[in-house]
Amino acid sequence: MRRGAAAVPIAMLALGLSGCAAPSVSPPVEPSVAPSVAQSVEPAGDGTGVSAAPVVSTDAGMTDAELAAALEAAPPGPPRSNAEMLEQLWEQLRLEGEPPVVEPVRTITVEEWQVVYHDCMAELGFPSTVDQHGQQGISFDRAHKDDMGRASYTCTARYPLDEARMQPFDLAQLRLLYDWRVEETIPCIAAAGITPPEPPSFESFVARYAATGYEHWSPIGEIDMPPDAPEGWCPDAPPDEILYGDR
């Protein structure tokens, strides 16, 4: 499973700055590989003002046009550009004044984000440590939380993500992803002696993505990974050149 397989808050640091240790940091956005945690969709109807998810039929036999229309009605999902991501990050950090002007160094992939981010934070005076469970985090003095927040913003701005990976999937990409997981990932899991989960129908797979704007089922998310599994074990997505093409 690719790293960062969840659509997470723009910066977990923004949620962890009230303490003395920031938790392991996840990429600011990962719309391309966010496994679904459930297949049922419950529209909001409790009077909270939360918009209801679009109701999408999951009956087999839906046409491509019907599925594409459901995707068009999907909620916005996570940020779709680095500028939007940085704007939301600054709001989450709740720092005074205007955000600093940062010159980008280079565009990076989601897979390298963790290493690049921690190296950058260390360069700015906030080195990370690894606990007994192998979790990487950043210890800091509470009095310096604003400085750490600015450092987090700076590192995120220095190394923007490839925006092609931030765009919502279209129907053709979802078909590539679904077919790969059924035809490649599930047999790989079974070959390792692990009972793989039963896949949903393609219609249900698309419906979940349409209802959330980012979630989609992955067999990797439903099994216990072997403790000695190497990086990239039973990948749950085809290579980028296939999934994204010339995007």
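Calculation notes
- Residues numbered from 1 in each chain as written.
- Predicted model: local features only at pLDDT ≥ 70, side-chain atom pairs only at ≥ 80, totals over all residues.
- Heavy atoms only, no water.
- Helix = DSSP H or I, 4+ residues; strand = E, 2+ residues; numbered from the N terminus.
- Buried < 20%, exposed > 50% of the residue type's maximum accessible area, 1.4 Å probe, protein only.
- Contact = heavy atoms within 4.5 Å.
- Areas by Shrake-Rupley, 256 points an atom, 1.4 Å probe, with all protein chains shown as cover.
- Axes fitted to C-alpha atoms, helices over the stretch in contact; angles between N-to-C directions.
- Parallel < 35°, antiparallel > 145°, perpendicular 65-115°, else oblique.
- Nonpolar A, V, L, I, M, F, W, Y, C, P; charged D, E, K, R; others polar.
- Core = buried A, V, L, I, M, F, W, Y, C linked by side-chain atoms within 4.5 Å.
- Expected span 1.5 Å × (residues − 1).
- Phe/Tyr/Trp six-rings, centres within 6.5 Å; stacked < 30°, edge-to-face > 60°.
- Disulfide = S-S within 2.5 Å.
- Salt bridge = Lys/Arg side-chain N within 4 Å of Asp/Glu carboxyl O.

**Remarks on the overall build of the protein chain**
Within the protein chain, the secondary structure is distributed over eight helices and three strands. Ordered by position from N to C terminus, the α and β elements of the protein chain give α-β-α-α-α-β-β-α-α-α-α. Looking at the protein chain residue by residue over its 247 residues, the buried ones come to 43%. Here the contacts in the protein chain between residues at least 6 apart in sequence split such that 77% fall between residues at least 24 apart. Element-wise, carbon and sulfur atoms account for 52% of the exposed surface of the protein chain, whose accessible area totals about 12,600 Å².

**So, the environment of glutamine 92**
Counting through the fold element by element, glutamine 92 comes out in helix α3 (residues 82-93). For the pair formed by glutamine 92 and glycine 149, sequence separation is 57 residues and the distance between their alpha carbons is 9.6 Å.

**A look at the packing of α3 against helix α5 (residues 145-158)**
At a minimum axis separation of 10 Å, α3 and α5 run at an interaxial angle of 175°. As the angle between them shows, α3 and α5 are arranged roughly antiparallel. Contacts between α3 and α5 involve Met85, Leu86, Leu89, Trp90 and Leu93 from the former and Gly149, Ser152, Tyr153, Thr156 and Ala157 from the latter. Of the residues assigned to the contact of α3 with α5, the class counts are seven nonpolar, three polar and no charged.

**Regarding the nonpolar core**
Soluble, globular proteins show a tendency: their nonpolar side chains are buried together. Counting 19 residues, the largest nonpolar core has Leu71, Phe169, Leu174, Phe202, Phe205 and Val206 as its most contacted members. Those elements that provide at least two residues to this core are α2 (64-72), α6 (171-191) and α7 (202-212). Grouped together as the second largest cluster of nonpolar side chains are 17 residues, Met85, Val110, Val116 and Tyr117 included.

**Here we look at α5**
A rise of 1.5 Å per residue sets the reference length of α5, with its 14 residues, at 20 Å; its end C-alpha atoms lie 20 Å apart and thus fit the reference within 8%. For α5, the tally of buried residues reaches ten of 14 residues, placing the bulk of the element in the interior.

**With respect to the packing of aromatic side chains**
Per the counting criterion, the structure on display carries seven aromatic pairs. A ring pair is formed by phenylalanine 169 and tyrosine 244, whose centres lie 6.3 Å apart and whose planes are at 40°; its orientation type is tilted. Highlighted residues: phenylalanine 169 in the loop between α5 and α6 and tyrosine 244 in the segment after α8 (240-243), separated in sequence by 75 residues. The same class applies to phenylalanine 169 and to tyrosine 244, which are both buried. Aromatic pair tyrosine 178 and phenylalanine 205: ring centres 5.3 Å apart, planes at 55°, arrangement tilted.

**A closer look at the state of the cysteines**
According to the stated counting rule, one finds two disulfides in the structure shown. Across the disulfide from cysteine 120 sits cysteine 155; the S-S distance is 2.1 Å. Here the disulfide of cysteine 120 and cysteine 155 is left-handed, its torsion about the S-S bond being about -90°. With cysteine 120 in helix α4 (residues 110-123) and cysteine 155 in helix α5, the pair connects residues that are 35 residues apart, well separated along the chain. Overall, cysteine 120 belongs to the buried group, its relative accessible area being 2%. Each disulfide of the protein chain joins two cysteines, and with those cysteines numbered along the sequence the arrangement is 1-2, 3-4.

**Quick word on the pattern of salt bridges**
Counted under the stated rule, the structure contains seven salt bridges. Linking aspartate 146 and lysine 145 is a salt bridge whose minimum nitrogen-to-oxygen distance equals 3.6 Å.

**Focus on the environment of leucine 67**
Note on placement: leucine 67 falls in helix α2. If we skip the residues at most four places from it in the chain, leucine 67 touches Met62, Leu171, Phe202, Glu203 and Val206.

**Section: unusual backbone geometry**
Notably, arginine 94 is not glycine yet its phi reads approximately 55°, a positive angle. Of note, arginine 94 is situated in the loop between α3 and α4. Taking relative accessible area as the criterion, arginine 94 reaches 75% and is therefore assigned exposed. Positive phi, normally seen in glycine, also occurs at cysteine 234, with a value near 45°. Locating cysteine 234 in the fold gives a position in the loop between α7 and α8.

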